[in-house]
Amino acid sequence: MRKVAALSLVLALACGVAFAQGTKEGGAAKASDYPNKTINMTVPYGAGGTTDLTARGLASPMGKQLGVTINVINTPGAGGSAGSLNVQNAKVDGYSILANGMLAFTTMPIMGYTDKTYKDWDIWIATYAPNVVVVPKNSPYHTITDLVNDMKANPGKVTIGTAGIGTGGHFGAEVLKAVAGVDYKHITYAGGGAAFTATLAGEVQACPQLLAEYKDAIISGDVKALCTLAEDDIELAPGVVVPSIKKAYPDAAKYLPMGEVTGILIPKGLPEEDLKKIDAAFEFAVKDQAFLDFCATKSFTVNPMGRAESQKFLDSFVPRICYLMYDAGAAKVDPAKFGIKRQ
């Protein structure tokens, strides 16, 4: 019995030493070396749109803080769902990050693209940009009522260009439809930049995308801004004021402010230790002076939210926008299927 007890003690001590060495050398106590290679940040639209601009503004200072390069990769297609699903289906290791607008991203389930919701992601919100309805400089429309009157006279024929189904521009068009009781012909492009280029060329009669995408063109007079879906008028430069849609349609107030909040996202599953590194990099980036100056030139509002705050914001944001699209017939799936309740 003494030999058995002694042998048991030896084995226990040996196991303890092995466990301690494993923990020290390669077990749970080993510090993560994330990140140790290039990170890819996917923008699910073409270059030049609000999401692309926000991503590029964040990538450099975040990479600086993390000590690696962050490459911004444009992957347009299917209203932003193609690139978003690429990240959703990638290995959750922190090297594949999504940049997206919350309007487009959080409505993907009701558009039939995925069964995952925003609750399945870790999210950091960075910027906000309001919708602005613009038309070519030679357009016969001078006010938002001019556009609406033509839409009423020609139901479903006036062309409106956006970055795609479920994007910020599409929401802008649907607000106009709901407020004025009009319909339109929806022309989609591979991003806000492409939709704006089409407007400049006269391919479409109006574009309700986001202010950051064409602020300079409004100031220069290359396009005319008919209204914003912000709650108040926006002064872009001395003598260049974009009126709120409320001035022409007071009932629009219940939908305002309407615009895109944009940030970065990673599917849940990354270790908390690594998430905290991204937290720190994001916090550094949104305070970086170059990023702040860039946002100011584009008329972005910098409104940073960490993971917990972003989820809380989306809990109130998502029901409003999902039911707007569902009630308008633009969404395929009842939001209630995903536990989203009317507010």
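Since the model is a prediction, treat every value here as computed from it, not as a measurement.

Engineer: Help me get a handle on the overall build of the protein chain, residues and values and all.
Structural biologist: Along the backbone of the protein chain there are eleven helices and twelve strands. Residue burial in the protein chain is summarised as follows: out of 343 residues, 52% are buried. Taking contacts inside the protein chain between residues at least 6 apart in sequence as the whole, the part at least 24 apart equals 76%. When the accessible surface of the protein chain is summed, it comes to about 15,200 Å², and 55% of that surface belongs to carbon and sulfur atoms. In the protein chain, 32 positive and 32 negative side-chain charges are present, and the distance between their average locations comes to 7 Å.

Engineer: Outline the packing of helix H2 (residues 50-66) against helix H9 (residues 272-285), supporting the account with residue identities and numerical values.
Structural biologist: Close contact between H2 and H9 brings their axes to 8 Å; oriented N to C, the two are set at 130°. The pairing of H2 with H9 is recorded here as oblique in orientation. In this structure, H2 crosses over H9, and the sense of that crossing is right-handed. Contacts between H2 and H9 involve Leu58, Pro61, Met62, Lys64, Gln65 and Leu66 from the first element and Lys277, Ile278, Ala280, Ala281, Phe282, Phe284 and Ala285 from the second. Considered class by class, the residues forming the contact of H2 with H9 number ten nonpolar, one polar and two charged.

Engineer: I'd like a description of the confidence of the model for the protein chain, backed by residues and values.
Structural biologist: Chain-level pLDDT for the protein chain is 90 on average; 92% of the residues reach the 70-or-more range. Here residues 1-26 is modelled with pLDDT under 50, and outside its nearest four sequence neighbours on either side it reaches five contacts, counting other chains as well.

Engineer: Can you break down the side chain of Thr42 residue by residue, with the values?
Structural biologist: You can see Thr42 is positioned in strand E1 (residues 39-43). On the accessibility criterion, Thr42 (9% relative accessible area) is buried. Residues within four places of Thr42 in sequence aside, it is in contact with Ile73, Thr75, Gly83, Val87, Ile97, Leu98 and Ala99.

Engineer: Provide a residue-level description of the pairing of strand E8 (residues 223-228), including the pertinent values.
Structural biologist: Of all six residues in E8, six are buried, a share of seventy percent or more. Here strand E5 (residues 132-136) pairs with E8 via five bridges, running antiparallel. Paired with Pro136 across the two strands is Val223, which belongs to E8.

Engineer: Before we move on, can you summarise the packing of aromatic side chains with the specific residues and values?
Structural biologist: Considering all chains together, one arrives at four aromatic pairs under this definition. Centroid distance Phe105 to Trp121: 5.0 Å. Interplanar angle 85°. Geometry classified as edge-to-face. Residue Phe105 is located in helix H4 (residues 102-106), and its partner Trp121 is located in strand E4 (residues 121-130); the two are separated by 16 residues in the primary sequence. An identical accessibility class is assigned to Phe105 and Trp121; each is buried. Ring geometry for Phe313 versus Phe317: centroids 5.1 Å apart, planes at 25°, classification stacked. Within this pair, Phe313 and its partner Phe317 are both found in helix H11 (residues 307-327), separated by four residues, close to a single helical turn. Over the ring of Tyr95 we find Lys37; its NZ or CZ atom is 4.7 Å from the centre of that ring.

Engineer: Break down the side chain of Thr162 for me, with residues and values.
Structural biologist: By secondary structure assignment, the location of Thr162 is in strand E6 (residues 159-162). Take Thr162: its relative accessible area is 0%, and that puts it in the buried class. One polar contact links the side chain of Thr162 to the main-chain amide nitrogen of Gly164, over a distance of 3.0 Å. A distance of 2.6 Å separates polar atoms of two side chains, one belonging to Thr162 and the other to His186.

Engineer: Got a sec to walk through the environment of Thr38? Specific residues and values, please.
Structural biologist: Within the secondary structure, Thr38 sits in the loop between helix H1 (2-25) and E1. Residue Thr38 is classed as partly exposed on the basis of its relative accessible area, which comes to 37%. Sequence-wise, Thr38 and Asp216 are 178 residues apart; in three dimensions their C-alpha atoms are separated by 33 Å. Leave out the neighbours within four places in its chain, and Thr38 touches Thr69, Asn71 and Tyr95.

Thresholds, definitions, all that
- Residues numbered from 1 in each chain as written.
- Predicted model: local features only at pLDDT ≥ 70, side-chain atom pairs only at ≥ 80, totals over all residues.
- Heavy atoms only, no water.
- Helix = DSSP H or I, 4+ residues; strand = E, 2+ residues; numbered from the N terminus.
- Buried < 20%, exposed > 50% of the residue type's maximum accessible area, 1.4 Å probe, protein only.
- Contact = heavy atoms within 4.5 Å.
- Areas by Shrake-Rupley, 256 points an atom, 1.4 Å probe, with all protein chains shown as cover.
- Lys, Arg positive; Asp, Glu negative; His and termini not counted.
- Charge placed at Lys NZ, Arg CZ, Asp CG, Glu CD.
- Axes fitted to C-alpha atoms, helices over the stretch in contact; angles between N-to-C directions.
- Parallel < 35°, antiparallel > 145°, perpendicular 65-115°, else oblique.
- Left-handed = near helix turned anticlockwise from the far one by under 90°.
- Nonpolar A, V, L, I, M, F, W, Y, C, P; charged D, E, K, R; others polar.
- pLDDT = per-residue confidence, 0-100.
- Pairing = 2+ DSSP bridges.
- Phe/Tyr/Trp six-rings, centres within 6.5 Å; stacked < 30°, edge-to-face > 60°.
- Lys NZ or Arg CZ within 6 Å of the ring centre and 35° of its normal.
- Polar contact = N/O pair within 3.5 Å; in protein donor to acceptor, adjacent residues only side chain to side chain.

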